[in-house]
Structure formats: structure tokens, C-alpha cells
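# Structural description and commentary
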Amino acid sequence: MVFDRYAPERLWRMVRPDAVYVWSDEEVRKRLSWYYGVMTNELPAKFMIARVVEVDENPYSLDYDSLTDVKRRAKKEFEKLFNQARSGRLTFDIFAREFKERPRYSLLDVDAALARLLSKPCRLCERRCMIDRSKRIGACRLDDKVYVHSWFHHLGEEAPLVPSGTIFYGGCNFSCVYCQNYDISQVVPRYGEVVDARRLAWIQRMLRMHGARNINHVGGEPTPNLPIIVESLLYLDVNVPHIWNSNMYMTVETMDILVDIIDLWLPDFKYGNNKCAMRLSAVPRYFEVVTRNLRIAVESGDMIIRHLVLPGHVECCSIKVLEWIAANLPLDRILVNIMDQYRPEHLVAKYPKRWPELARPVYREEVDRVCAYAKRLGIIYEPVS
């Protein structure tokens, strides 16, 4: 028997031909130009740029205030290199030739050290539970270990991302009553494989070397796992774009780390108000936190916003989400995935009378209305929805 190493690529091209022809869409190429450049190895990923920006001090011996001061100085060089890459002057080939030697300590080390400090006590997300997760479980249902429940080439993501090197982490800082990944996010979040930074880097390398277009950090929610994720990039030796597939409920301090390593943001913009967020996900201050982070993220990478249309929530959530996007984000730089795959899951399926509007699939008319409104606002959604 002869092994056909091209069989996996032929398979995904047959299953998802749109993942090929989506790149003939000029609007997609324009909005995802940075991601496309890294995906095709024309440009260096942001984590690789951060890894060659030298710092003079050992970051792991500094306190938080000293680290932020070191980072502020190093960011000037990072921004210079990033802008050179974004303009096409610093290609991946040039980058590989000019930066053969890595510094002893880099901006990426600073970010790794910052992430460690932010996790003890934990203020990685806006719940700011301030728990030392090495001693007890945090609000995200995790201790200080990273639990990977699965990793594989995902063929069900948005067309520009397929095949996506998806890593599903356990744990979540939300308690969505309709969560479709409720087993790993809420029920048994600590039943996955415990991985350290080197093992996580190996997983990412395997995904990329076997054809993944990206590394897609998802869950659950990836935010509680940030310290090991950042540290893993110190060992990752292949160029690959990184995606943050998140509920976007992280702190500004966490965002300040992520902007150095994330090439494409995949935020889940769920609710158009705080009342629905509290009732359905037990999340306070949802709208203020998520919109703040979206404003930060859109300035530092490409973006595909996901919005799941919930039955009975078109007016209060879908319309409000689209209106905020149109009024506050540069529409010529983002794509929006209007998602129609809601189904009653988790607690809604178990106790439908508690959330009666969610105890049914979403109607086609509801999704069509949301799509029509997006079109009126000038939001591009068709290529990724």
C-alpha cells in the first residue's frame, strides 16, 4: 500500500471548494490581506516578529510595572517591523535571512512573563476573580493547567480559514445556557489532555506541517490558557497565522499581550445589551467590555466577527450588534459571519420552560431579516456566512 500524502488536501478541496474560490473575492482579499500573507508564507506571523525584538533585561525576574516599562520600549521596534511587513517590504524570506539569530530575551518573553503574572492572581478576563488557580479553581472552571480536549483540521469553519488547525481548550468564563460545546466548557472542562508549552508547540507544528492554514485557539474559551499559549510560541518553529476564536471578554492587560501575537481575530459578538448577556450567559458588563476589545482588536489584525442569530432575539441583539458594528468599526476592513446554526442545547434543551424563546431552532425568516439589515448597513457577510 502506497501512502498518498496529497490525499488530505484533495479531501478538503472536495468537501469545501468554497475554501479555494473564496480567495478570488476582492473584498475578502482586501479585508484579510495580512492573514493571507502569513497563511501563504509571504509574510512573517506576528509572534515571529515579537520573538526577534530584543530586550536587555531578563523578563522573568521583573515585577509587573517593570515589565510594562520594558514592553513599552520594545513595542517601538515591534511596530516598525510589523509596519514594514504589512507594507510588503519585510517578506518572510527577507525576515528569515535577516533574523537567523534569536535574542536571548525578546518581546515575546516579556509577554509570556506578563501572562504568568496576570494569572496569579487571575485577572486575564474581566471577571477578575483574583484567584490563584494553582491553589483552587477559578471562575473559568480551570486550575492552572491547560487541558486540550481535541486538535484537528477543522473543515467547518469560515471558508478563508479551512482547513483550520483548531485546538479546543477546556474551560470558559461564560455560562451560556445554550452552549453547543457545553461538555468541554462547563461540564468536564478538566478532562482533556494536560499539555505544557512544548507539547502545545508540537501540536501547532503538526497541524501546520500537515496542511492547516492557521492555528485556531478556541474552546470553551482560550483566554484562561493564555500563559501556556504565549510560552508555546517561544518553541514554535514554523510560520503560521494565529487566530483568537473568543468571546472577547478579556481585560485590557490581556489584550495588550494578544495584539503582539494574533494575526486574525474571530470574535463571537453575542448580545446587543447587558440584560440578555446576564440572563443567558451570566456575564456582567458584557456590551461595554466586548465593544471596547473589538475596537482594540480591529487596529491590530484582520477580523471576522461571528454573530449567532438567536430565536426571539433579532431586535434586542442581532439588530443592535449590527448597528454597533456599522457605527464603530471600519467596514472596509472587517467581515461578519451571520450564523444560522442555533439549536437548543445544554440547559435550554433540559429545561425549555426557563428560556421559552430559545427552545426552538431559529426561523429562516429571522436569519433572512438579519442578513437583509446587514446588507442595508453595508456590512460584507456573504463570503463567510
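Residues numbered from 1 in each chain as written. Predicted model: local features only at pLDDT ≥ 70, side-chain atom pairs only at ≥ 80, totals over all residues. Heavy atoms only, no water.

Glancing now at the packing of aromatic side chains. Scanning the entire structure with this criterion turns up 13 aromatic pairs. Taken together through their ring pairs, the aromatic side chains of Phe 174, Tyr 249, Tyr 271 and Tyr 286 make up a single cluster. Directly above the aromatic system of Phe 82 lies the positively charged group of Lys 46, at a separation of 5.0 Å from the ring centroid. When the ring centre of Tyr 64 is taken as reference, the NZ or CZ atom of Arg 123 above it lies at 5.9 Å. (Phe/Tyr/Trp six-rings, centres within 6.5 Å; stacked < 30°, edge-to-face > 60°. Lys NZ or Arg CZ within 6 Å of the ring centre and 35° of its normal.)

We now examine the environment of Trp 355. Along the polypeptide, Trp 355 turns up in the loop between α16 (346-350) and α17 (364-377). Residue Trp 355 is classed as buried on the basis of its relative accessible area of 9%. The spatial distance from the C-alpha of Trp 355 to the C-alpha of Leu 280 is 8.5 Å, given a sequence separation of 75 residues. Non-local contacts of Trp 355, meaning those with residues more than four positions away in its chain, are made with Val 177, Arg 279, Leu 280, Leu 347 and Val 348. (Helix = DSSP H or I, 4+ residues; strand = E, 2+ residues; numbered from the N terminus. Buried < 20%, exposed > 50% of the residue type's maximum accessible area, 1.4 Å probe, protein only. Contact = heavy atoms within 4.5 Å.)

This part covers α17. Here α17 is 14 residues long and its end C-alpha atoms lie 20 Å apart, about the 20 Å a rise of 1.5 Å per residue gives. Turning to α17, its buried residues number three or more, namely Glu 366, Val 367, Val 370, Cys 371, Tyr 373 and Ala 374. Buried residues of α17 fall within an arc of 160 degrees about the axis and therefore sit on the same side. Those residues of α17 that are exposed and aimed more than 90 degrees away from the buried face are Glu 365, Lys 375 and Arg 376. Positive phi shows up at Gly 378, right after α17, with a value of about 85 degrees. (Expected span 1.5 Å × (residues − 1). Arc of directions from axis to C-beta.)

This next bit is on the pairing of strand β6 (residues 264-267). Residues Leu 264 and Leu 266 point to one face of β6 and Trp 265 and Pro 267 to the other, with burial holding for every one of them. Across four bridges, the pairing between strand β5 (residues 242-246) and β6 is parallel. Bridge pairing links Ile 243 to Leu 264 in β6. In this fold, the crossover linking β5 to β6 by way of helix α12 (residues 252-258) has right-handed handedness. The sheet contact formed by β6 and strand β7 (residues 302-308) spans two bridges and is parallel. (Pairing = 2+ DSSP bridges. Right-handed = clockwise from strand over helix to strand, strands pointing away.)

Now for the nonpolar core. If you look at the biggest cluster of nonpolar residues, it comprises 113 residues, and the most contacted ones within it are Tyr 178, Trp 265, Phe 269, Tyr 271 and Ile 325. Core analysis: the second largest hydrophobic core is formed by 15 residues, Tyr 35, Ala 159, Leu 161 and Ile 243 among them. (Core = buried A, V, L, I, M, F, W, Y, C linked by side-chain atoms within 4.5 Å.)

Moving on to the pattern of salt bridges. Tallied over the full model, the rule gives 30 salt bridges. Here Arg 292 and Glu 126 are joined by a salt bridge, their closest N and O atoms 3.0 Å apart. Of this pair, Arg 292 sits in helix α14 (residues 286-298) while Glu 126 is found in the loop between α8 (107-118) and β1 (146-154), placing the two residues 166 residues apart along the sequence. (Salt bridge = Lys/Arg side-chain N within 4 Å of Asp/Glu carboxyl O.)

Now for the confidence of the model for the chain. Counting all residues, the mean pLDDT for the chain is 96, and 97% of those residues have values of 70 or more. Predicted confidence is poor over residues 1-5, with pLDDT under 50, and the contacts of this stretch with residues over four places away or in other chains come to one contact. (pLDDT = per-residue confidence, 0-100.)

It is worth spelling out the pairing of β7 at this point. In terms of residue burial, β7 counts as a mostly covered element, since seven of its seven residues are buried. Residues Asp 302, Ile 304, Arg 306 and Leu 308 point to one face of β7 and Met 303, Ile 305 and His 307 to the other, with burial holding for every one of them. With six bridges connecting them, β7 and strand β8 (residues 334-339) associate as parallel partners. Its bridge partner being in β8, Ile 304 is matched across the sheet by Leu 335. One crossover worth recording links β7 to the parallel β8 by way of helix α15 (residues 314-328), and it is right-handed.

Turning our attention to helix α13 (residues 274-281). Among the residues of α13, those classed as buried are Cys 276, Ala 277, Leu 280 and Ser 281. Angular distribution of buried residues about the axis of α13 spans 100 degrees; they occupy a single face of the element. Against α14 and α15 lie the buried residues of α13. Where α13 terminates, the next one or two residues include Ala 282, which has phi positive at roughly 60 degrees.

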